[in-house]
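# Summary of structural features
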Amino acid sequence: MEAVAVVSSMAWLAAGAQRDGWQRLAEFRRGWYGCAGRWADALFELTDAVLCAGGPVTSLPRLSLEPACRRGHGSAYAALARGQVDAGALGGLLAGFRPAWPLVFAVDATTWPRCAAVTSPERGLYYHPSRQTRGKPVVPGWCYQLVSQLSFSRDSWTWPADARRIGPREDPAAVTVAQVREVAARSGGGVPLFVFDAGSSYDPAWLAHELAADRVQLLVRLRRNRVLLRDPPPRVPGTAGRPRRHGTAFDCKNPATWGPPDARLTATDPVLGTVTVRAWAGLHPRLTRRGRWAGAAPAPIVRGHVIRVEATRPAGDGTASTALWLWWSGPPGQPPDLDMCWRAYVHRFDIEHAIRFAKTTLGWVTPALRHPEQADRWTAIILAASAQLVLARPLAADRRLPWERPRAPARLTPGRVRRD
């Protein structure tokens, strides 16, 4: 009898969780409908068609054939051309329904190629990993920068937090600073951590300097050949001349210049093996009065923590070791959480899986749209669809194909949740 009672109690709890999940999904859908202005019905049904399509989205007209879309193919183009989506309301909606994951956000930019659309406005030349223009890895198109909340689970799930188009005449670094501030303002309590890859748009010194007054943490990958500087020793009284601004060098390539770390952590990971994390505080790059710092007199001293993450795992003939360098900066007086830092950067690559899924399956860059405002509305639909997949994750069943292996409900991928 006790076993029957336990089973009944578990079934009751599971049924309650299902009801809560359906209610939460329904509330998000009502909120998404409220974010749309003109042509709200068509935009809402386009989102359902993206979610319910049997395979990858191949074109807007084909979406109109889905039962969830009760309008013709002309309405799809008209909704994107003349519809209205409140970007601020959508950002607030996404912040209000975000999962109970760590306050860790990945930031990455991607290109919407529009090579043949010579009459489309606001195109620019942006990096593309697989296409080239005149021998260089750039293509004409639109650039979008995404911010996604990360989960530390071993899967490819992320929560869409924001997406913004970067115009060809805009400064990508300034757009990044504004986007980080908006997402941090909507994140509620705590100090969020934003993770960046190495790149010219993600200069750690510039980001740390511009966001010094904001309660945010920054984690940026450094290139292996970076050279940073320590503070100079205390000035001897009576010494003539201008005070020194820089001390000894910290060369990432030369271990003899590192010295003892200020913090150290050792962890074990089932995939990476033994992970050793070391951090050195108070380092800064040498900035000169040119480029972004041309108007500074003198160039500021931007200090941060330099973190080295080294993973050692067993190999067939011994051990294999990999290492990376990271820059961390945050509120004054708050040291970095080394365990969160190395895990956050490892999971930063989940945003790349999310971008690939949005492009190849949800059809993010599939429509041949002419105006960038139409692309913005379609991007909002993709964000709303991705969020609904996360909310529907605990409600979905594993409808696998005959050649696919079965998965537990907690291990379903975004593609299998969408299939159900």
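Residues numbered from 1 in each chain as written. Predicted model: local features only at pLDDT ≥ 70, side-chain atom pairs only at ≥ 80, totals over all residues. Heavy atoms only, no water.

## Side note on the pairing of strand S9 (residues 263-269)
On any regular strand, side chains alternate: one points to one face of the sheet, the next to the other face. With seven bridges joining them, S9 and strand S10 (residues 273-283) adopt antiparallel strand pairing. Of the residues in S10, the one forming a bridge with Ala263 is Ala279. Two successive antiparallel strands, S9 and S10, enclose a turn made up of three residues. (Pairing = 2+ DSSP bridges. Helix = DSSP H or I, 4+ residues; strand = E, 2+ residues; numbered from the N terminus.)

## Here's the deal with unusual backbone geometry
Phi is positive for Trp39, which is not a glycine, with a value near 60 degrees. One can find Trp39 in the loop between helix H1 (2-35) and helix H2 (40-52). The phi angle at Glu122 is positive, at roughly 60 degrees, despite the residue not being glycine. Along the polypeptide, Glu122 turns up in the loop between strand S1 (104-113) and strand S2 (124-127). By relative accessible area, Glu122 is classed as partly exposed at 35%. (Buried < 20%, exposed > 50% of the residue type's maximum accessible area, 1.4 Å probe, protein only.)

## Examining the nonpolar core
Core analysis: the biggest nonpolar cluster contains 76 residues, and Trp32, Val50, Leu63, Leu219, Ile307, Trp364 and Trp378 have the highest contact counts within it. For this core, the element with the highest residue contribution is helix H10 (residues 372-392), accounting for 13 residues. If sequence neighbours within four positions are ignored, Leu219 has contacts with Leu193, Phe194, Val195, Phe196, Ile307, Leu326, Trp327, Trp328, Cys341, Ala344 and Tyr345. Residues Ala161, Cys252, Trp293 and Val306 belong to the second largest nonpolar core, which totals 35 residues. (Core = buried A, V, L, I, M, F, W, Y, C linked by side-chain atoms within 4.5 Å. Contact = heavy atoms within 4.5 Å.)

## Side note on the side chain of Gln149
On the secondary structure map, Gln149 appears in strand S3 (residues 138-150). Judged by relative accessible area, which is 0%, Gln149 ranks as buried. Among the polar contacts made by the side chain of Gln149, one reaches the main-chain carbonyl oxygen of Pro102 at a distance of 3.0 Å. In this structure, Gln149 is in contact with Arg98, Pro99, Trp101, Pro102, Leu103, Val104, Phe105, Thr158 and Trp159, ignoring residues within four places of it in sequence. (Polar contact = N/O pair within 3.5 Å; in protein donor to acceptor, adjacent residues only side chain to side chain.)

## Re the packing of aromatic side chains
Taken as a whole and judged by the stated rule, the model has 16 aromatic pairs. Residues Tyr33 and Phe44 carry aromatic rings whose centres are separated by 5.7 Å and whose planes lie at 80 degrees to one another, so their mutual orientation is edge-to-face. Note that Tyr33 is positioned in helix H1 and Phe44 in helix H2, a separation of 11 residues in sequence. Residue classification places Tyr33 among the partly exposed positions, given a relative accessible area of 38%. In this structure Phe44 comes out as buried when scored by relative accessible area, which is 17%. Against the face of Trp206 rests Arg292, its NZ or CZ located 5.4 Å from the ring centre. (Phe/Tyr/Trp six-rings, centres within 6.5 Å; stacked < 30°, edge-to-face > 60°. Lys NZ or Arg CZ within 6 Å of the ring centre and 35° of its normal.)

## Examining the pattern of salt bridges
Under the counting rule described, the total for this entry stands at 24 salt bridges. A salt bridge links Arg71 to Glu45, with the nearest nitrogen and oxygen atoms 2.7 Å apart. Placement of the pair is Arg71 in the loop between helix H3 (60-63) and helix H4 (73-82) and Glu45 in helix H2, with a sequence separation of 26 residues. Relative accessible area serves as the criterion here: at 29%, Arg71 is assigned to the partly exposed category. The class of Glu45 is buried, set by a relative accessible area of 4%. Of the charged contacts in the structure, one is a salt bridge between Asp231 and Arg303, with a shortest N-O distance of 3.0 Å. Taken together, the residues span a long stretch of sequence, with Asp231 in the loop between strand S7 (227-229) and strand S8 (249-251) and Arg303 in the loop between S10 and strand S11 (304-315) at a distance of 72 residues. Taking the relative accessible area as the measure of exposure, Asp231 reaches 35% and is therefore partly exposed. (Salt bridge = Lys/Arg side-chain N within 4 Å of Asp/Glu carboxyl O.)

## Quick word on the side chain of Arg393
For Arg393, the position within the fold is in the loop between H10 and helix H11 (414-419). Accessibility expressed as a relative area gives 17% for Arg393, which makes it buried. Not counting the four nearest positions on each side in its chain, Arg393 is found in contact with Asp155, Trp157, Ala410, Leu412 and Val417.

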